[in-house]
Amino acid sequence: AQSVTQPDIHITVSEGASLELRCNYSYGATPYLFWYVQSPGQGLQLLLKYFSGDTLVQGIKGFEAEFKRSQSSFNLRKPSVHWSDAAEYFCAVGARNYGQNFVFGPGTRLSVLP
Amino acid sequence: NAGVTQTPKFQVLKTGQSMTLQCAQDMNHNSMYWYRQDPGMGLRLIYYSASEGTTDKGEVPNGYNVSRLNKREFSLRLESAAPSQTSVYFCATTGTGRNEQFFGPGTRLTVL
């Protein structure tokens, strides 16, 4: 069965600083990998996804993530954080059999200092 | 094109009351899902429907029932609400060949 861990429950960074959110997964084959963002009181919005090919994927809002098979990781990065990036971030893994078995990590809450 | 819609947005119930959460999508997607979100636990799958006419249990199905009314609509029913079901409930969909999920805005449910 798949599982996802996000080791950091809460991260605080200063505006303009770089950001890396960690995600590790457990899955028997190459998974589909996702990062979602949730602003307070809102639903989840897809930031980026990895299905195959280039292991560095670009997403919306200046985010990128790198798939590292050897480390079972899919860390999210942003070179310069904006105050509007304060939100909760969820890593998720999807099985390659269509339409089933998505597993979400517990989330990392990001606070941004002015 | 509304995407995924959920009603109601907020609901307060007393223990033992019943209610149905509604989800509708206009994306022509086959698969639909119900999750609950609790602090520190991410999203946990309650039930899903891979296609019209089929439903399957997820990780935390106890205390819930679902109906896939047609391709567009997937409802979640609490027959006898309990305080442990206080949560935020999200509906999501997935289309053919695209395994990303699209989420509704959520229903915040409180059971007293």
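Everything below is about the structure shown above.
This is a predicted model, so every value here is computed, not measured.

Analysis parameters
- Positions within a chain are numbered from 1, following the residues in the order the chain's sequence is written.
- To read the labels, note that chains go from A and ligands from 1, taken in the order they are written.
- The model is predicted, so local features are restricted to residues of pLDDT at least 70 and side-chain atom pairs to those at 80 or more, both for listing and for counting; the totals for chains, interfaces and linings are taken over all residues.
- Hydrogen atoms and water are omitted, and side-chain values are computed over all heavy atoms in the structure.
- Contacts between residues were defined by any pair of non-hydrogen atoms, one from each residue, lying within 4.5 Å.
- We define buried area as the total accessible area lost by two parts upon association, computed with a 1.4 Å probe and summed across both.
- Salt-bridge detection follows one rule: a side-chain nitrogen of Lys or Arg within 4 Å of a carboxyl oxygen of Asp or Glu.
- Residues adjacent in sequence count toward polar contacts only when both atoms are side-chain atoms; beyond that, a polar contact is any pair of N or O atoms within 3.5 Å, and within protein one must be able to donate a hydrogen and the other to accept it.
- Here a helix means four or more residues in a row that DSSP labels H or I, a strand means two or more in a row labelled E, and each is numbered from the N terminus.
- Two cysteine sulfurs form a disulfide in these notes if their separation is within 2.5 Å.
- Burial classes follow relative accessibility: with a 1.4 Å probe on protein chains only, a residue under 20% of its type's maximum area counts as buried, one over 50% as exposed, and anything between as partly exposed.

### Re the interface of chain B and chain A
Bring the parts together and some accessible area is lost; that lost area is often taken as the interface size. With 22 residues of chain B in contact, the opposing surface of chain A contributes 21 residues. Across the chain B/chain A interface, buried area totals approximately 1700 Å², and carbon plus sulfur atoms make up 53% of it. Taken together, the connections running from chain B to chain A amount to one salt bridge. With a closest N to O distance of 2.2 Å, Glu100 of chain B and Lys49 of chain A form a salt bridge. Remark: the boundary between chain B and chain A carries three residue pairs in polar contact (both at pLDDT 80 or more). The set of elements that each furnish at least two residues to the side of chain B that touches chain A consists of β4 (31–37), β5 (43–49), β9 (87–95) and β10 (98–103) of chain B.

### Quick word on the state of the cysteines
By definition, a disulfide links the sulfur atoms of two cysteine residues through a covalent bond. Inspection of the entire model under this criterion finds two disulfides over all chains. Here Cys23 of chain A pairs with Cys91 of chain A through a disulfide, and the sulfurs are 1.9 Å apart. Negative torsions about the S-S bond denote left-handed disulfides, and the value of about -65 degrees found for Cys23 of chain A with Cys91 of chain A makes this one left-handed. One end of the pair, Cys23 of chain A, is in the loop between β3 (19–21) and β4 (24–26); the other, Cys91 of chain A, is in strand β10 (residues 87–94), with 68 residues separating them in the sequence. Assessed through its relative accessible area of 0%, Cys91 of chain A is described here as buried. Across the disulfide from Cys23 of chain B sits Cys91 of chain B; the S-S distance is 1.9 Å. Between Cys23 of chain B and Cys91 of chain B, the disulfide has an S-S torsion of -70 degrees and is therefore left-handed. Of this pair, Cys23 of chain B sits in strand β3 (residues 19–25) while Cys91 of chain B sits in strand β9, and the two are 68 residues apart along the sequence. With respect to class, Cys23 of chain B is no different from Cys91 of chain B; both count as buried.

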